[in-house]
Amino acid sequence: MTEDDITQHIIDMLGGGHFQVADDNTFFFHGADNKFPFATIVTKDHESDNASKLNRPGVFRLNIGVGKESFRALFGEQEPTGIDYAALDRLMPHPVYGKMHWVSVINPSDRTFETVKPLIAEARNLAAARDKTK
């Protein structure tokens, strides 16, 4: 999967949401406030987020904010240890925001992307539900 393929999939499912590109990173929002994206595509390391080694050529990370139950179903009750946050095509907790129930995958294959599609839908639905309570 390419960044463009993933972006197109998310755009197709947004249903009124939108995305914004900033500094070569893409942020997907349900509502118009642009405060909390439900998913992002990040293309480079930052000072506080460099465990994924995104500065490698052609590397990007898809990040998705899922619910607590989904996160625990994927990774268990305890905070996982010994994770190679630079591994390609592997669903894992986000290296910085895992505690907030964000998951990530670097350069997902078509097969892996199929497994994360429901997580993207869940994240979008959670964002939509938050917008309704405002």
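Here, the structure is the one placed above.
This write-up is about the structure you can find in this document. (Residues numbered from 1 in each chain as written. Predicted model: local features only at pLDDT ≥ 70, side-chain atom pairs only at ≥ 80, totals over all residues. Heavy atoms only, no water.)

This part takes up the packing of helix α1 (residues 3–14) against helix α3 (residues 110–132). At a minimum axis separation of 11 Å, α1 and α3 run at an interaxial angle of 40°. Taken as axis vectors, α1 and α3 run oblique relative to one another. For the crossing formed where α1 meets α3, the hand is right-handed. Where α1 abuts α3, its residues Ile6, His9, Ile10, Met13 and Leu14 lie against Phe113, Lys117, Ile120, Ala121 and Arg124. Along the lines of polarity and charge, the residues of the contact of α1 with α3 split into seven nonpolar, one polar and two charged. (Axes fitted to C-alpha atoms, helices over the stretch in contact; angles between N-to-C directions. Helix = DSSP H or I, 4+ residues; strand = E, 2+ residues; numbered from the N terminus. Parallel < 35°, antiparallel > 145°, perpendicular 65-115°, else oblique. Left-handed = near helix turned anticlockwise from the far one by under 90°. Contact = heavy atoms within 4.5 Å. Nonpolar A, V, L, I, M, F, W, Y, C, P; charged D, E, K, R; others polar.)

Now for the pattern of salt bridges. For the coordinates displayed, the defined rule picks out five salt bridges. Taking the shortest distance from any N to any O, the salt bridge between Asp24 and Lys44 comes out at 3.4 Å. Taken together, the positions of Asp24 in the loop between β1 (18–22) and β2 (25–29) and Lys44 in the loop between β3 (39–42) and β4 (61–65) put the pair 20 residues apart, joining distant regions of the chain. Taken together, the shared-partner salt bridges in this structure form one network comprising Asp23, Asp24 and Lys44. (Salt bridge = Lys/Arg side-chain N within 4 Å of Asp/Glu carboxyl O.)

For the rest of this paragraph, the subject is the side chain of Thr112. Inspection of the secondary structure assignment puts Thr112 in helix α3. Reaching out from Thr112, the side chain makes a polar contact with the side chain of Asp89 at a distance of 2.6 Å. Discounting residues that sit within four places of it in the chain, Thr112 has contacts with Asp89 and Val105. (Polar contact = N/O pair within 3.5 Å; in protein donor to acceptor, adjacent residues only side chain to side chain.)

Within the fold, Ser52 resides in the loop between β3 and β4. Exposure remark for Ser52: the relative accessible area of 1% places this residue in the buried category. For Ser52, the side chain forms a polar contact with the main-chain oxygen of Tyr85, separated by 3.2 Å. Non-local contacts of Ser52, meaning those with residues more than four positions away in its chain, are made with Asp45, Arg61, Tyr85, Ala86, Pro95 and Ile106. (Buried < 20%, exposed > 50% of the residue type's maximum accessible area, 1.4 Å probe, protein only.)

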